[in-house]
Amino acid sequence: GPKKVIPQTGDLLVSTEAFAKVELKPVGPAVAARPLVKNVPRSGEVEFEDIRPGQYTIAAASKGFYATDSEITITAGKTFVVNLELEKVKYELNI
């Protein structure tokens, strides 16, 4: 029969503020890997594919919002879905 292909990598779906910048960084000893940076389209969703399993920090930032991040674990053969809600910066005028 057909050979079963065992997935070696996982995927990540991030939903956040439209036009934010999202950065995926490995946690721990494998920090030699460069962070992956993506710009979020108008839909507010961006996907990272073929990620090596392990622990990562996913961070989102956008002008006029407080940056936020989250620790996630990528598992082979699965799509991890994360929602990074950005809070608007409130400008206060102190006179």
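Remember, it's a predicted structure, so these values are computed and weren't measured experimentally.

Conventions adopted
Each chain has its residues counted from 1, running along the sequence as written. For this predicted model, a pLDDT threshold of at least 70 governs which residues receive local features, and a threshold of 80 or more governs which side-chain atom pairs are given and counted, while totals over whole chains, interfaces and linings are taken from all residues. Only heavy atoms go into the side-chain values, all of them from the structure, while hydrogens and water stay out. A pair is scored as a salt bridge if a Lys or Arg side-chain nitrogen falls within 4 Å of a carboxyl oxygen belonging to Asp or Glu. Accessible area is worked out with a 1.4 Å probe on protein chains only. A residue is then buried under 20% of its type maximum, exposed over 50%, and partly exposed in between. By definition, two strands form a pair when at least two bridges between them are found by DSSP. Only runs of H or I of at least four residues qualify as helices and only runs of E of at least two qualify as strands under DSSP, and these elements are numbered from the N terminus. Note on geometry: axes are C-alpha line fits, over the in-contact stretch for helices, and angles between N-to-C directions span 0 to 180 degrees. Note on aromatic pairs: the rings of Phe, Tyr and Trp (six-membered ring only in Trp) are paired at centre separations within 6.5 Å, and the planes decide the class, stacked below 30 degrees, edge-to-face beyond 60, tilted for the rest. Both a distance and an angle decide whether a charge sits over a ring: NZ of Lys or CZ of Arg must be within 6 Å of the ring centre and within 35 degrees of the ring normal. When checking whether two residues touch, look at their non-hydrogen atoms; a contact exists if any pair is within 4.5 Å.

1. A few points about the pattern of salt bridges
Evaluated as defined, the whole model comprises 2 salt bridges. Note that Lys-25 and Glu-23 form a salt bridge whose closest N and O atoms lie 3.4 Å from each other. The exposure class of Lys-25 is partly exposed, given its relative accessible area of 37%. When its relative accessible area of 26% is taken as the criterion, Glu-23 is described as partly exposed.

2. Some words on the sheet that holds strand E1 (residues 10-15)
Strands sit in the order E4-E1-E8 across an open sheet of 3 strands; the sheet is mixed. The open sheet is flanked by strand E4 (45-51) and strand E8 (79-83), the only strands paired with a single partner. Strand-to-strand twist in this sheet, taken as the mean axis angle between neighbours without regard to direction, amounts to 15 degrees. In this structure, E1 lies alongside E4, joined through 5 bridges in antiparallel fashion. Across the sheet, Gly-10 pairs through a bridge with Ile-51, a residue of E4.

3. Some points on the sheet that holds strand E5 (residues 54-61)
One open sheet holds the 4 strands; their spatial order is E3-E2-E5-E7, and the pairing between them is antiparallel. Sheet topology places strand E3 (36-39) and strand E7 (68-74) at the edges, where each strand pairs with a single neighbour. Going from strand to strand, the sheet's axes swing by 20 degrees on average, the running direction of each strand aside.

4. Concerning the packing of aromatic side chains
By the definition in use, this model includes 0 aromatic pairs. The ring of Phe-48 has Lys-38 lying over it, and the distance from NZ or CZ to the ring centre is 5.1 Å.

5. Notes on the environment of Gly-77
Along the polypeptide, Gly-77 turns up in the loop between E7 and E8. On the basis of relative accessible area, Gly-77 is assigned to the exposed category, the value being 53%. Sequence separation between Gly-77 and Ile-51 is 26 residues; the distance between their C-alpha atoms is 9.9 Å. If near-sequence neighbours (up to four positions away) are discounted, Gly-77 is found in contact with Pro-7, Thr-9 and Gly-10.

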